[in-house]
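Observations on the model geometry
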Amino acid sequence: MSLATDLPQSAGQAAGKAAKTHGTGTEKPAPRRRSRQRRERVFQWLFLVPAVVYMTLFFGYPVVKNVVMSFQEYTTSTFFTGEAPWVGFANYVTVLSSSLFSTSLLNTALFTIGSILGQFVIGLALAIFFQRKFPLNGILRSLLLLPWLLPLIVSSAVWRWILDKDSGALNRFLGDLGVIDTGIPWLTSTSLALIAVVGVNIWIGIPFNLTILYGGLQEIPDELYEAGSLDGATGWKAFRHITWPMLRPVVSVVLVLGVVYTLKVLDIILGLTNGGPANSTQTIATQSYNLSFHEFKFGEGAALGNVLVIISLVFAVLYLRASRRAVDE
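The present account deals with the structure reproduced in this document.

Analysis parameters
Residues numbered from 1 in each chain as written. Predicted model: local features only at pLDDT ≥ 70, side-chain atom pairs only at ≥ 80, totals over all residues. Heavy atoms only, no water. Helix = DSSP H or I, 4+ residues; strand = E, 2+ residues; numbered from the N terminus. Buried < 20%, exposed > 50% of the residue type's maximum accessible area, 1.4 Å probe, protein only. Contact = heavy atoms within 4.5 Å. Areas by Shrake-Rupley, 256 points an atom, 1.4 Å probe, with all protein chains shown as cover. Patch = residues over 30% accessible without salt bridge, like charges linked within 9 Å, V, L, I, M, F, W, Y side chains within 5 Å. Salt bridge = Lys/Arg side-chain N within 4 Å of Asp/Glu carboxyl O. Axes fitted to C-alpha atoms, helices over the stretch in contact; angles between N-to-C directions. Parallel < 35°, antiparallel > 145°, perpendicular 65-115°, else oblique. Left-handed = near helix turned anticlockwise from the far one by under 90°. Nonpolar A, V, L, I, M, F, W, Y, C, P; charged D, E, K, R; others polar. Expected span 1.5 Å × (residues − 1). Bend = angle between axes of the 7 residues up to and from the residue. Phe/Tyr/Trp six-rings, centres within 6.5 Å; stacked < 30°, edge-to-face > 60°. Core = buried A, V, L, I, M, F, W, Y, C linked by side-chain atoms within 4.5 Å. 1 Å grid on protein atoms, 1.4 Å probe; cavity = no way out; pocket = protein on both sides within 12 Å on 5 of 7 lines; lining within 4 Å. Points joined across faces, edges and corners; volume = space filled by probe spheres on them.

Considering the overall build of the chain
A count of helical and extended segments in the chain gives 15 helices and zero strands. Taking all 329 residues of the chain together, the buried fraction comes to 34%. For the chain, the proportion of contacts with a sequence separation of at least 24, taken over those separated by at least 6, is 67%. Carbon and sulfur atoms make up 67% of the accessible area of the chain, which amounts to about 20,800 Å² in all.

Description of a nonpolar patch on the surface
A cluster of nonpolar residues, Val-49, Val-53, Tyr-54, Met-55, Leu-57, Phe-58 and Phe-59, forms a patch on the protein surface that exposes about 700 Å² of accessible area. Relative to the assigned elements, Tyr-54 resides in helix 2 (residues 29-69). Taking the relative accessible area as the measure of exposure, Tyr-54 reaches 44% and is therefore partly exposed.

Concerning the pattern of salt bridges
Any two side chains of opposite charge can pair, given that their charged atoms come close. Tallied over the entire structure, the rule returns one salt bridge. For Glu-295, the salt bridge goes to Lys-297, with nearest N and O atoms at 3.5 Å. On the basis of relative accessible area, Glu-295 is assigned to the partly exposed category, the value being 44%.

Observations concerning the packing of helix 8 (residues 152-162) against helix 10 (residues 193-218)
In contact at an axis separation of 11 Å, helix 8 and helix 10 are set at 135 degrees when each is read in the N-to-C sense. Between helix 8 and helix 10, the interaxial angle falls into the category oblique. The crossing of helix 8 and helix 10 is right-handed. On helix 10, the residues touching Leu-152, Ser-155 and Trp-159 of helix 8 are Val-200, Trp-203 and Ile-204. Residue classes in the contact of helix 8 with helix 10 are distributed as five nonpolar, one polar and no charged.

Some words on helix 10
Across its 26 residues, helix 10 extends 38 Å between first and last C-alpha, which sits within 8% of the 38 Å expected from 1.5 Å per residue. Helix geometry: helix 10 is bent most strongly at Gly-205, by close to 35 degrees, with proline Pro-207 lying one to four residues after it.

As for the packing of aromatic side chains
Taken as a whole and judged by the stated rule, the model has 21 aromatic pairs. Ring geometry for Tyr-54 and Phe-59: centres 6.0 Å apart, planes at 65 degrees, overall edge-to-face. Relative accessible area serves as the criterion here: at 44%, Phe-59 is assigned to the partly exposed category. Summarising the aromatic geometry, the rings of Phe-71 and Phe-89 are spaced 5.2 Å apart at their centres and angled 85 degrees between planes, so their arrangement reads as edge-to-face. Of the two residues, Phe-71 sits in the loop between helix 2 and helix 3 (78-81) while Phe-89 sits in the loop between helix 3 and helix 4 (90-97), which places them 18 residues apart along the sequence. Overall, Phe-89 belongs to the exposed group, its relative accessible area being 59%. An aromatic cluster of three or more residues is present, and its members are Tyr-74, Phe-79, Tyr-289, Phe-293, Phe-296 and Phe-298.

Focus: the side chain of Asn-290
Mapped onto the elements of the fold, Asn-290 is located in helix 14 (residues 284-293). By relative accessible area, which is 12% here, Asn-290 ends up buried. The contacts of Asn-290, once residues within four sequence positions are left out, are Gln-282 and Glu-295.

Details of the nonpolar core
Residues Phe-120, Leu-124, Ala-127, Leu-213, Leu-247, Val-251 and Leu-304 are the most contacted members of the largest nonpolar core, which totals 30 residues. Elements supplying a minimum of two residues to this core: helix 4, helix 5 (99-129), helix 10, helix 12 (236-263), helix 14 and helix 15 (298-328). Among the elements that line this core, the one with the most residues is helix 12, at eight residues. The contact partners of Leu-213, leaving out residues within four places of it in the chain, are Phe-120, Gly-123, Leu-124, Ala-127, Leu-247, Val-250, Val-251 and Val-254. In this structure, Leu-152, Trp-159, Trp-186 and Ile-268 belong to the second largest nonpolar core, which totals 21 residues.

A closer look at the layout of surface pockets
Of the pockets and cavities examined, the largest pocket occupies roughly 810 Å³. Lining the largest pocket are 29 residues, and of these Asn-66, Gly-305, Asn-306, Leu-308 and Val-309 lie nearest its centre. Only helix 2, helix 12, helix 14 and helix 15 provide two or more residues apiece to the lining of the largest pocket. With eleven residues, the single largest contributor to the lining of the largest pocket is helix 15. Ile-128, Gln-131, Leu-217, Asp-222, Tyr-225, Ala-233, Thr-234, Gly-235, Ala-238, Phe-239 and Thr-243 are the residues that line the second largest pocket. Elements that contribute at least two residues to the lining of the second largest pocket include exactly helix 11 (222-230) and helix 12. Considering only residue class, the lining of the second largest pocket consists of six nonpolar, four polar and one charged.

Next comes the structure, spelled out in structure tokens:
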């Protein structure tokens, strides 16, 4: 009787020990695993710290400083005395109520719309053209990148010589063809200056549109066009039903970046017309620059710069929402 009872007990004790031993075996790696995960997280943060510090110093601080400056009476004396009285929204009221702001806003809209339309349409047409295989394809695409690689101030100087009324290459060319008798004042006419500036900006922005859109076209599978051709989707139909829907995400990126970049264009306008003649090419970006570095009204210039940032953000949010809604539908 005692032997029968002792056997189950000893068996139970042995099972309990085995269970404890097994449990201990499974529990021991858990702290090691957690410590390893902690070390991995620490290393991840260490890799992120330089980027965070860089973004904070060179992007975060200037943005915050510009916002604070827009609420202060910040002048040249502030750099010596450190005193910048708080004026609230006075700078915003001053710049938004000025007669020049409405002109700058209209010129900014016309300059942006004209530039984006020209750059996108020509860039897309060239991207589709270069999809074909022909000799010197790669070399020609490389040459088309030159306007994008040149410094903007260099491009504006070259175009200022080309568009000069008296000795410009364009007027000489048109005169030799017998198209004009006298030089056209491309940069000194209030009705032509903005058109000329838009044309130069289109020339500079085509390579960017071409490069991004060409990359997007390369990602569209050829099988889709082959299947579409069987259903009669060729030419314009293939572009409408295959190319454009597949290219829409890339188009969204190109348009948003293009608009944000064009809104803040400064070098080209300053190099070509300096906002003239008679403010016919004055934009919000150039007006902000003039207020800050010509009239030394840094507070008003910062306020106008913040207005430009807000316009860019509003456009980006509205366009991205509209494009996402169109994709979902």
